[in-house]
2 protein chains.
Amino acid sequence: MKKLFFTSLLLVGLSGTMCPAQTAAVIEDFKPSTKNQPGRDYPMVNSQGYARFRIAAPEAQSVVVSLGLGGQRGGTVLEKDAEGVWTGTTAGPMDEGFHYYHVTIDGGVFNDPGTLNYYGSTRWESGIEIPARDQDFYALRNVPHGNVVQILFPSPSTGTSRRAFVYTPPGYDANQSKRYPVLYLQHGWGEDETAWSNQGHANLIMDNMIAEGKIQPFMIVMTYGMTNDIRPGGGGGMRNFQIDPFETVLLKELIPYVDANFRTLTDINNRAMAGLSMGGMETKTISLHNPGVFAYYGLLSGGTYSPEDLQGRSQVKLVFMSSGSKERPEGVINAEKALKEAGFNAVSYVSEGTAHEFQTWRRSLYRMAPLLFK
Amino acid sequence: MKKLFFTSLLLVGLSGTMCPAQTAAVIEDFKPSTKNQPGRDYPMVNSQGYARFRIAAPEAQSVVVSLGLGGQRGGTVLEKDAEGVWTGTTAGPMDEGFHYYHVTIDGGVFNDPGTLNYYGSTRWESGIEIPARDQDFYALRNVPHGNVVQILFPSPSTGTSRRAFVYTPPGYDANQSKRYPVLYLQHGWGEDETAWSNQGHANLIMDNMIAEGKIQPFMIVMTYGMTNDIRPGGGGGMRNFQIDPFETVLLKELIPYVDANFRTLTDINNRAMAGLSMGGMETKTISLHNPGVFAYYGLLSGGTYSPEDLQGRSQVKLVFMSSGSKERPEGVINAEKALKEAGFNAVSYVSEGTAHEFQTWRRSLYRMAPLLFK
């Protein structure tokens, strides 16, 4: 998806920097990134959004971090100190929120031993968190917490048991008679079913909104959307992507399993589908193929619907389309206008100061959730 | 725990090799390790248990894998080929099962980009799986699967929400009136609440035993047992370990939360506690401090109980003690004998051909589970 449709966005997304900021004075209030491994001090971030890296490799010839000056187009070149420890600071502040990165050591690609890993770009990458002004909405707060349930559901069409994660809201176990609406929420290209919880903090976003009374509790189901193997060695890439295998898994296997094993509401008005980037493309394709399944559609940095796409779709309750301001926000703004003129309940959202990255999608979920299941 | 009590075992554990095997002919039937990242071919393992590593780092001076000749005492030194790719094969077959390892590149410690990471030694380490003759008991099979539920429970004593994982057996959601016994199962030093599911496959072991009718369904609760921070930067180490903070979290916070939010049986005869290595030490200490909470005790490579320890404990239904044959198995064998003579229902188990590693503990859970909640 990124490769085919988001090339320019992808580069912005990878760069994750606000330019030009190279001339700003760097404030020395660096703290460990919240995505660090337990007890690790580096990488650090400061109040301006600069990131500082520190990696020990005494005999290395070169250590380059893929973040800071445009991802694969440069990154941050670390320099070796007297103790053989390589250190460096980004040339400018990074965008707020989560960024993937890796470290190139003597020509080999590795992860930063200081950070936790997150599945993106079809590999487990290092992650760093730049504190955001609005970070409280996805923070771990002292409120009742829902669960994230790992399920292994039978998938005859792919000949295995497949994994999904199901967010159940606080009170799910206590209210044995209550049934809940369900949002089916997809990750992007190169990510997997762990992304929305690990990188997106979808469960904490829900816990916080429910605690504040901003939404009625609902469930979220997250599974792997790249059933045709487009990973390294998987022989493919997006150009060979076929939606059919995933559409079968989702509609014929996952949804029936979730409805049979959780207390869900199963009518169209209590089912939503949304996805980020490639997951938006999947949402659009599957929602158009299957008019009777979902009444709420969400495309997060994942394209738009036109009035022609939705012609005669009187059952559509909401079309939510979002974008980072550093992507091409006019796309979702224009699509909202056209859909409204055609009589649809369309809402667009633009995340200020963010690109094709998870801060855009955390904020998009936060804006979309109150509009679902009305 | 390892540091204080298992130094010799630890070295055996880290080495993970059966010696002398250096002279055996290596059979060229290498396949990707089942713990590899999606689509990655290396590391590979062969039918004899040899491991082969392949890591790209064209300008590196030295690449050494910590596995193969005694962990930190040597490991496997990789050699660079014409394309700048470093490759090497262990000098001998590895023990069956899961091993942690890391890669030292030009003096810096990193993970193998080919594998998934597992939390051990207080860091996310690379993992490799050597196929075991008995691997079917922890394989992902086409049977009904239980769930692994991530909960975030309030912990006033530590001032935060803490994470635990709760295994619920197949049928838990369907049988809304049924209540289940609970095993509280602890990880070892340097590991965390993810270990028993990720490295141990505890959920798959349970799914398979339940499908075969070998056990009655019960729940397993896994949480972090090192509440006093003994991690790098945490200022501590085992010599400063205090059980009290964890005992408070477990008994005053976690168990009440689980009993309030899951359909558990809450009497002593439906509660067990077990742990591996340091988790065994925690199990012994907490079970002796709190006679009325658990009726089933399990120490997996985690020490022994003496008849004096259990004097007057008529409510103890089972004492299970296990060890790898490459640890000091006589300890658990002698303890079983002494406890039986004192009239206790004691069972020892020795895992053949394994050391202080997860294959010992997977097998121990498999042997212990049918003896619980009788």
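Residues numbered from 1 in each chain as written. Chains lettered and ligands numbered in written order. Predicted model: local features only at pLDDT ≥ 70, side-chain atom pairs only at ≥ 80, totals over all residues. Heavy atoms only, no water.

Q: How should I be thinking about the relation of the copies chain A and chain B in this particular structure?
A: Here the two chain copies are tied together by a rotation about an axis and a shift along that axis. Relative to chain B, chain A is turned by 180° and slid 0.0 Å along the rotation axis, the superposed coordinates differing by an RMSD of 0.0 Å. Taken together, the rotation and translation relating the two chain copies correspond to the operation of a two-fold axis. Residue V149(A) of chain A places its C-alpha closer to the rotation axis than any other residue of that unit, at 2.1 Å. Counting the interface residues of chain A, we find that 100% of their copies in chain B are interface residues as well, pointing to one common contact surface. (Least-squares fit on C-alpha atoms with pLDDT ≥ 70 in both. Contact = heavy atoms within 4.5 Å.)

Q: Would you mind showing me how to read helix α8 (residues 358-368) of chain A here?
A: One turn of the α-helix equals 3.6 residues, which is why residues spaced by three or four share an orientation. Most of α8(A) sits inside the fold, with 10 of its 11 residues counted as buried. Those residues of α8(A) not exposed but buried are F358(A), Q359(A), T360(A), W361(A), R362(A), R363(A), S364(A), L365(A), Y366(A) and M368(A). (Buried < 20%, exposed > 50% of the residue type's maximum accessible area, 1.4 Å probe, protein only. Helix = DSSP H or I, 4+ residues; strand = E, 2+ residues; numbered from the N terminus.)

Q: Is there a simple way to explain the interface of chain A and chain B in this structure?
A: In many analyses, interface size is given as the accessible surface area lost on bringing the parts together. Tallying the contact residues gives 48 residues for chain A and 48 residues for chain B. Together, the buried faces of chain A and chain B total about 3700 Å²; carbon and sulfur atoms form 52% of this surface. For the interface between chain A and chain B, the tally reads 0 salt bridges. Along the contact surface separating chain A from chain B lie 10 residue pairs in polar contact (both at pLDDT 80 or more). Sorting the residues of the side of chain A that touches chain B by element identifies β3 (51-56), β10 (108-110), β11 (117-120), β12 (123-130), β13 (147-155), β14 (160-168), α4 (202-211) and α5 (244-261) of chain A as the ones contributing at least two each. At 6 residues, the largest contribution of residues to the side of chain A that touches chain B is made by β13(A). Of the residues in the side of chain A that touches chain B, the class split is 22 nonpolar, 18 polar and 8 charged. One ladder, built from 3 bridges, connects β13(A) with strand β13 (residues 147-155) of chain B; its direction is antiparallel. Each residue of the ladder has a partner; that of Q150(A), found in β13(B), is V148(B). (Buried area = accessible area lost by both parts, 1.4 Å probe. Salt bridge = Lys/Arg side-chain N within 4 Å of Asp/Glu carboxyl O. Polar contact = N/O pair within 3.5 Å; in protein donor to acceptor, adjacent residues only side chain to side chain. Nonpolar A, V, L, I, M, F, W, Y, C, P; charged D, E, K, R; others polar. Pairing = 2+ DSSP bridges.)

Q: Honestly, the sheet that holds strand β6 (residues 79-80) of chain B in this entry has me stumped. Any pointers?
A: Whenever strands of a sheet pair, they do so through backbone hydrogen bonds, lying parallel or antiparallel. Pairing is antiparallel in the open sheet, where 5 strands are placed in the order β1-β2-β3-β7-β6 (chain B). Each of the sheet's edge strands pairs with one partner strand only, and the pair in question is β1 (31-32) and β6 of chain B.

Q: Would you mind going over the sheet that holds strand β12 (residues 123-130) of chain B with me for this structure?
A: All names here are of chain B. One open sheet accounts for 3 strands, arranged β8-β12-β11; its pairing is antiparallel. Single-partner strands in this sheet number two, and they are β8 (97-101) and β11 (117-120). Strand-to-strand twist in this sheet, taken as the mean axis angle between neighbours without regard to direction, amounts to 50°. Bridge count for β8 against β12 is 5 bridges, and the pairing is antiparallel. By the bridge assignment, G97 is partnered in β12 with I130. (Axes fitted to C-alpha atoms, helices over the stretch in contact; angles between N-to-C directions.)

Q: Help me understand the environment of G331(B) in this model?
A: Mapped onto the fold, G331(B) is located in helix α7 (residues 330-341). Once the C-alpha coordinates of G331(B) and S348(B) are considered, the two residues, 17 residues apart in sequence, prove to be 9.4 Å apart.

Q: Can you walk me through empty space enclosed by the protein in this structure?
A: Gaps between atoms show up when a probe of the same size as a water molecule is rolled over them. Under the defined criterion, the tally for this structure stands at 2 cavities of 30 Å³ or more. Here the largest cavity defines a volume of roughly 100 Å³. As for the largest cavity, its lining consists of N147(A), V149(A), T168(A), Y172(A), D173(A), F262(A), N147(B), V149(B), T168(B), Y172(B), D173(B) and F262(B). If you list the elements that add at least two residues to the lining of the largest cavity, you get β13 of chain A together with β13 of chain B. Considered class by class, the residues forming the lining of the largest cavity number 6 nonpolar, 4 polar and 2 charged. Taken as a whole, the second largest cavity holds about 90 Å³ of empty space. Lining the second largest cavity we find 17 residues, and of these N111(A), N117(A), F110(B), N111(B) and N117(B) sit closest to its centre. (1 Å grid on protein atoms, 1.4 Å probe; cavity = no way out; pocket = protein on both sides within 12 Å on 5 of 7 lines; lining within 4 Å. Points joined across faces, edges and corners; volume = space filled by probe spheres on them.)

Q: Sorry, what's going on with the pattern of salt bridges here?
A: Pairs can form between side chains of opposite charge once their charged atoms are near each other. In this structure the tally under the stated criterion is 34 salt bridges over all chains. E336(A) serves as the salt-bridge partner of K340(A), at 2.8 Å between the closest nitrogen and oxygen. With K340(A) and E336(A) both in helix α7 (residues 330-341) and 4 residues apart, the pair spans about one turn of that helix. Overall, E336(A) belongs to the buried group, its relative accessible area being 16%. In this structure, D81(B) engages R54(B) in a salt bridge whose closest nitrogen and oxygen atoms are separated by 3.6 Å. Of this pair, D81(B) sits in the loop between β6 and β7 (85-89) while R54(B) sits in strand β3 (residues 51-56), and the two are 27 residues apart along the sequence. Note on D81(B): relative accessible area 24%, which makes it partly exposed. Connected through salt bridges with shared partners, the residues E96(A), R133(A), D134(A) and R363(A) form a single ionic network.

Q: Please explain the packing of α5(A) against helix α6 (residues 278-289) of chain A as it appears in this structure.
A: Helix-helix packing is characterised by the crossing angle of the two axes and by the distance between the axes. Residue and element names in this part refer to chain A. One can describe the packing of α5 onto α6 by two numbers: an axis separation of 11 Å at closest approach and a directional angle of 65°. The angle between the axes of α5 and α6 places the two elements in the roughly perpendicular class. Considering the relative orientation of α5 and α6, their crossing is right-handed. For the pair α5 and α6, contact is made by F246, E247, L250 and L251 and by E282, I286 and H289, respectively. Tallied by class, the residues present in the contact of α5 with α6 amount to 4 nonpolar, 1 polar and 2 charged. (Parallel < 35°, antiparallel > 145°, perpendicular 65-115°, else oblique. Left-handed = near helix turned anticlockwise from the far one by under 90°.)

Q: Would you take a moment to explain α6(A) for this structure?
A: All names here are of chain A. Taking 1.5 Å per residue as the helical rise, α6 with its 12 residues ought to reach 16 Å, and the 17 Å between its terminal C-alpha atoms agrees with that figure. For α6, every residue scored as buried is listed here: M278, G279, G280, M281, E282, T283, I286 and S287. Among the structural elements, β15 (182-186), α5, β17 (271-276) and β18 (296-300) are those in contact with the buried residues of α6. (Expected span 1.5 Å × (residues − 1).)

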